[in-house]
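# Structure assessment
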Amino acid sequence: MDKIKIRKGLDIRLAGEPSKHLESFEPTSCALKPTDFIGVTPKMHVEEGDEVKAGSVLFHNKNRENIVFTSPISGTVKAIVRGEKRAILRVVIESDGKNESIDFGASGAETVTRGEIIDKMVSSGVWTMLRQRPFATIANPADNPKHIFISMFDTAPLAPDNGYIIENQSDEFNAGIKVLSKLTDGNVYINVRKDALQADVVRRVPTWPENVVVTEFSGPHPAGNVGTQINALSPINKGEVVWYCYPQDVITIGKLFLTGRYDSTRIIAMTGAAMHNPHYYKTKIGADISPILDIEENSRVISGNVLTGTNITDDKHLCFHDSQVTVIHEGNQYKLFGWLLPVFKRFTDTNTNGDRRPYIMTGEFERVFPFDIYPMQLIKACLIKDIDQMEELGIYEVDAEDFALCEVIDPSKTPIQQIIREGLEFIRKETS
């Protein structure tokens, strides 16, 4: 097993770590949000009042019509919620409690062909769990990726323990890995945390397909980011494409081939200082988590982690890719002359602590940014939309989440992740 140590980064310690206690929660409704997927313009297949099963097509992507998005549960289309310019924000399915699903046909992971894998994953909607770098869009089934990466651990604040999550689902996980190994002529990299439970789960497997490579990582956040791992193992050059997904995605893929059905089960970690009794829940993708939000008043509810998550204070449905909910105290308590007070152990909070400031940093980002890239220069290239400079500075290797720590330590509170995302989108649209 190869070993890689990430030396640059920063672990952020927060209160509210989840206990290893698992409850089942059957949501009354689930939602699929087109906004969770980059570059997707939905074309609806259903109307309000239609009955659906798990695996029924709700909409497809206008820009790539073979990519369909399917219902995570059985029930009735309760609402198609629209925003500005009638853009679809979410499709809400009210559960009928029956957990009925379309049968896509079981098939052996050892004997199924690449074409059959793609057809089954695409038609069931499971394909949307596979994303690509660059751009973090849904993987293109027509591509043959350089490699596939699976980050088995998460180093973000209060991140769920994936070893605990997958410990009793090893058969499904193994089947998913066998399926993924047939989608690339390169390697499938399974990246584990040193001395962690998920590493033990992976080690128990007697044999992997020949192109599966297990690598052990150590070091501070963002060692668990798939971008950090790609940069350490096989950096992306212009014109290259890699795919990636996460352990529970692999389990869903494995279940599809073992049972022939789309099982949207997700184990999520309810975390954070403003969450009473933080622990794990077994629920569904896109679940409405309102009934299990036992939280303090004046709190912010985030689908995901505090660095890269999405505020869902108004709409309590989980985002598609998230397996964590973080609840923190809202930052609207201000101190008199707080911007003048000395601070020794708190480097940031949810307040801006002042008005807009000039964007000036000198060598600070490099302390927490583990890529062999100049972060400040790349951020500025994105601001001025200079494609040539962005390419020279390594834009294809990164995504917005890779700059989360830079955003945390920036005293100007600059929206760095938004800047990087807009830069990537500018290139994607210019080159598509």
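So, a few notes on the structure that sits alongside this text. All residue numbers refer to positions counted from 1 along the written sequence of the respective chain. Note on the predicted model: pLDDT of at least 70 is required for a residue's local features to be given, and 80 or more for side-chain atom pairs to be given and counted; whole-chain, interface and lining totals, by contrast, use all residues. The side-chain values count all of the structure's non-hydrogen atoms but skip hydrogen atoms and water molecules.

### A look at the side chain of Asn-174
This is how it is decided: Here a strand is any run of E in DSSP of at least two residues, a helix any run of H or I of at least four, and the numbering for each starts at the N terminus. Partly exposed residues are those whose accessible area sits between 20% and 50% of the maximum for their type, while under 20% is buried and over 50% is exposed, using a 1.4 Å probe and protein chains only. We call two residues in contact whenever any of their non-hydrogen atoms come within 4.5 Å of each other.
As for its placement among the helices and strands, Asn-174 is situated in helix H3 (residues 170-180). Relative accessible area serves as the criterion here: at 18%, Asn-174 is assigned to the buried category. Once residues within four sequence positions are removed from consideration, Asn-174 is found in contact with Val-205 and Trp-208.

### Some details on the packing of H3 against helix H6 (residues 247-259)
Filter applied, for reference: Working convention: axes come from line fits to C-alpha atoms, limited for helices to the stretch in contact. Angles between N-to-C directions cover 0 to 180 degrees. Roughly parallel refers to an angle under 35 degrees, roughly antiparallel to one over 145, roughly perpendicular to one between 65 and 115, and oblique to any angle outside these ranges. The residue classification treats Ala, Val, Leu, Ile, Met, Phe, Trp, Tyr, Cys and Pro as nonpolar and Asp, Glu, Lys and Arg as charged. All others, Gly included, are polar.
The contact between H3 and H6 brings their axes to 7 Å, and the two run at 85 degrees. Classed by the angle they form, the pair H3 and H6 counts as roughly perpendicular. Along its contact with H3, which presents Asp-171, Glu-172, Phe-173, Ala-175, Gly-176, Ile-177, Val-179 and Leu-180, the element H6 presents Pro-247, Val-250, Ile-251, Ile-253, Gly-254, Lys-255, Phe-257 and Leu-258. Taken together, the residues of the contact of H3 with H6 sort by class into 11 nonpolar, 2 polar and 3 charged.

### Here's the deal with helix H5 (residues 226-233)
Burial runs high along H5: 6 of the 8 residues are buried. Within H5, the full set of buried residues consists of Val-226, Gly-227, Thr-228, Gln-229, Ile-230 and Asn-231. Tucked inside the fold, the buried residues of H5 contact strand E10 (131-133), strand E11 (148-151), strand E12 (188-193), strand E13 (212-218) and strand E14 (242-245).

### Brief notes about a positive patch on the surface
Definition in use: What goes into a patch is any residue over 30% in relative accessible area without a salt bridge, connected to like charges within 9 Å or, for nonpolar side chains (Val, Leu, Ile, Met, Phe, Trp, Tyr), within 5 Å. Here the accessible surface of atoms and residues is derived via Shrake-Rupley with a 1.4 Å probe, and residues count as covered only by protein chains that are part of the display. Each salt bridge in this description consists of a side-chain nitrogen of Lys or Arg and a carboxyl oxygen of Asp or Glu lying within 4 Å of one another. Counting rule for charge: Lys and Arg are taken as positive, Asp and Glu as negative, and neither His nor the chain ends is counted. Charged groups are reduced to one reference atom each: NZ for lysine, CZ for arginine, CG for aspartic acid, CD for glutamic acid.
On the surface, a cluster of positive charge is contributed by Lys-3, Lys-5, Arg-7 and Lys-194. Inspection of the secondary structure puts Arg-7 in the loop between strand E1 (2-5) and strand E2 (19-24).

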